[in-house]
Every structure is written in structure tokens, then in C-alpha cells.
Amino acid sequence: MTQPLPKLTAILNSKAPYSSTAGKDALDIALIFGSFEQPTSLFFQGDGVWQLSQGQDGTIISVKDYLKTFAAFEFYDLENIYVCQQSLIQRGLTADFHIEQVQVLAQKEFAEKLAIHHTVLRF
Amino acid sequence: MTTLHIVRQSAFTSDDFAQCLQVLRNNDVIVFIDDGCYNLHHSLINTIDSAAEIQLKVIEKHAKARAVTIDETQYSVINMSNLVELTLTTNRVITWQ
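Predicted model, so just to flag it, every value in this text is computed and none were measured.

Chemist: Mind showing me how you'd approach the confidence of the model for chain B here?
Modeler: Low pLDDT marks regions whose predicted coordinates should not be analysed in detail. Across chain B, the average pLDDT comes to 96, with 100% of residues at 70 or higher. Across the predicted assembly, pTM comes out at 0.92 and ipTM at 0.87.

Here is the structure:
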């Protein structure tokens, strides 16, 4: 019996860091899926793109800085990281991220990439 | 792969619905539920490409409770059990809230 194609999971981030736990929750789920070797991709849309900006420091506002854990992505095989270009432009952001391997996609490609995933968990 | 988009927020207060439209694909289904019913008369509705054959549905009780009028030529009126059925007849579900 041939090995069935693994289900692709997408984690869609839409909230900014710090003011809600949405980003931290999404990160926890991503690492769990990664540690069980489930093929998982991370998507950042809307205010979610703020999570990737370079130079953030949650400790200044005495918030535990979960963003630093993004550096562990490659150890969890989380290599597919996509950002909505339109969301960056709307917020006057450049592709200056605190992690590597981020693919900035125009809206059409962003939608197509999301569409190949079997499950989408939005935070 | 068709996607069922469950929209629960008003586009007048959050851009969840706008983000949903950004990833919409042909033959997807959108169900407006709870405060999502306020989107029935939002200008974003006009940006949906008719050629994409997107099915627009609304939970009747949720719209009626909010005195949101339903143009049944544009939206099909459903109830909660129809919504459950839709989760089986589409390939996946994304909730926009």
C-alpha cells in the first residue's frame, strides 16, 4: 500500500504580538506539529505581519518575549513561512524580519499557497 | 479543494472579512453567522467576482435577530444544521473571527 500523502497544515497568524496571546498560541501549536513531524506552514496576514518585524523587545513592556522562539523554527522543520505582501505595504513595512527564510507573496500566490493545505488553523 | 469560510465578525469593526476575501477561491462557500450578518450590506460584498461562483449563505435567525434584511436573490438562507452539513460537503473549513 503506497504511503498516503501527508496532510498539510497551515497556521494562519492574523493578530499582532503582545496584546493578545494569539501569536503565542499559534507558535505553541506550530512547534507541537513540528515536533511530531507533521508538514506545517506558517502564514502571516493582516496585523499578524507585525510579529516578524526586526528589533522588537517584549521585555521593555515586561511581556515574556515569545518572538525569540521563532529562531527555533528550523529545528522543528518549519521552513515554509509566507507573508502577505499587501499587509506589509498597508502597514508601511519592509521585508526586514527577525527570522530568515520568509517568503513574501503577492495576494494571488498567498491565496494559492494557502489553498494547497488541508487544514487551516487561524489565530 | 473547496473551502467553507465561516465569517463571524462585522467588517465595520475588524478586517477579518477583508482577509477572508483575499484568500477566496473559485466555488468556495461563505457563511455569515453571528455578527458576520452585518456584512450582508457591506461594500466588500461588491468586490466578490461573480465569475468565481462563490456561494453566499446566511444563518436566518442570526440575521433576523439583528434586523438585517436578506436579499434572497444574493444570499441563500440556511440554519445551523445546514451549516453542519456544509462542513461535510466542503473540503475544509476556515473560521474568520
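Chemist: Would you explain the nonpolar core in this entry?
Modeler: Soluble globular proteins tend to bury their nonpolar side chains together. Counting residues in hydrophobic clusters, the biggest one holds 34 residues, and the most contacted among them are F110 and L114 of chain A together with F17, I30, F32, V58 and Y75 of chain B. Of all the elements in the fold, those that place two or more residues in this core are β1 (9-13), β3 (80-84) and α3 (107-115) of chain A together with α1 (16-22), β2 (29-32), β3 (55-59) and β5 (92-96) of chain B. Setting aside anything within four residues of it in sequence, one finds I30 of chain B in contact with H5, V7, F17, L21, L24, I48, I54, Q55, L56 and K57 of chain B. Core analysis: the next-biggest nonpolar cluster, separate from the first, contains 20 residues, A30, F44, V49 and F73 of chain A among them.

Chemist: Looking at this model, I keep getting lost on the layout of surface pockets. Mind explaining?
Modeler: Any space left empty among the atoms is revealed by the rolling of a water-sized probe across them. Residue and element names in this part refer to chain B. A volume near 210 Å³ is recorded for the largest pocket. What lines the largest pocket is A18, L21, Q22, L24, R25, N26, L44, T47, I48, D49, A52 and I54. When its residues are assigned to classes, the lining of the largest pocket shows seven nonpolar, three polar and two charged. As a volume, the second largest pocket reaches approximately 160 Å³. Its residues placed into classes, the lining of the second largest pocket shows six nonpolar, two polar and two charged.

Chemist: Can you help me understand the sheet that holds β3 of chain A in this one?
Modeler: Think of a sheet as strands paired side by side through backbone hydrogen bonds, with each pair either parallel or antiparallel. Residue and element names in this part refer to chain A. Pairing is parallel across the open sheet formed by five strands, whose spatial order is β4-β3-β2-β1-β5. The sheet terminates laterally at β4 (102-105) and β5 (119-122), the two strands that pair on one side only. Averaged over all pairs of adjacent strands, the angle between their axes in this sheet comes to 25°, without regard to strand direction. For β1 and β5, the ladder comprises four bridges, and the chain directions are parallel. Across the sheet, A10 pairs through a bridge with V120, a residue of β5.

Chemist: What am I meant to see in the side chain of S10 of chain B here?
Modeler: Residue and element names in this part refer to chain B. Topologically, S10 is positioned in the loop between β1 (3-7) and α1. A distance of 2.9 Å separates the side chain of S10 from the backbone nitrogen of F12, its partner in a polar contact. Every residue in contact with S10, bar those within four places of it in the chain, is listed here: D35, Y38 and N39.

Chemist: I tried to follow the pattern of salt bridges on my own but got confused; where do I start?
Modeler: When their charged atoms lie close together, side chains carrying opposite charge are able to pair. In this structure the tally under the stated criterion is nine salt bridges over all chains. Across the pair D65 of chain A and K68 of chain A runs a salt bridge, and its minimum N-O distance is 3.3 Å. Taking the shortest distance from any N to any O, the salt bridge between K64 of chain B and E60 of chain B comes out at 3.2 Å. Here the residue K64 of chain B and the residue E60 of chain B both occupy positions in helix α2 (residues 60-65), the gap between them amounting to four residues, near one helical turn.

Chemist: Explanation requested: the interface of chain A and chain B in the structure shown.
Modeler: Think of interface size as the accessible area that goes away when the parts come together; that is how it is often given. With 19 residues of chain A at the contact, the number on the chain B side is 14 residues. In total, about 1,300 Å² of surface goes out of reach between chain A and chain B, with carbon and sulfur atoms giving 47% of it. Contact with chain B buries surface across chain A, with Q45, A115 and R122 of chain A losing the most and accounting together for 38% of the total. A salt bridge links D16 of chain B to R122 of chain A; the nearest nitrogen and oxygen atoms lie 2.8 Å apart. Our count for the contact surface shared by chain A and chain B stands at nine residue pairs in polar contact (both at pLDDT 80 or more). Among the elements that line the side of chain A that touches chain B, the one with the most residues is α3 of chain A, at six residues. Taken together, the residues of the side of chain A that touches chain B sort by class into eight nonpolar, seven polar and four charged.

Rules used throughout
- Residues numbered from 1 in each chain as written.
- Chains lettered and ligands numbered in written order.
- Predicted model: local features only at pLDDT ≥ 70, side-chain atom pairs only at ≥ 80, totals over all residues.
- Heavy atoms only, no water.
- pLDDT = per-residue confidence, 0-100.
- Core = buried A, V, L, I, M, F, W, Y, C linked by side-chain atoms within 4.5 Å.
- Buried < 20%, exposed > 50% of the residue type's maximum accessible area, 1.4 Å probe, protein only.
- Helix = DSSP H or I, 4+ residues; strand = E, 2+ residues; numbered from the N terminus.
- Contact = heavy atoms within 4.5 Å.
- 1 Å grid on protein atoms, 1.4 Å probe; cavity = no way out; pocket = protein on both sides within 12 Å on 5 of 7 lines; lining within 4 Å.
- Points joined across faces, edges and corners; volume = space filled by probe spheres on them.
- Nonpolar A, V, L, I, M, F, W, Y, C, P; charged D, E, K, R; others polar.
- Pairing = 2+ DSSP bridges.
- Axes fitted to C-alpha atoms, helices over the stretch in contact; angles between N-to-C directions.
- Polar contact = N/O pair within 3.5 Å; in protein donor to acceptor, adjacent residues only side chain to side chain.
- Salt bridge = Lys/Arg side-chain N within 4 Å of Asp/Glu carboxyl O.
- Buried area = accessible area lost by both parts, 1.4 Å probe.

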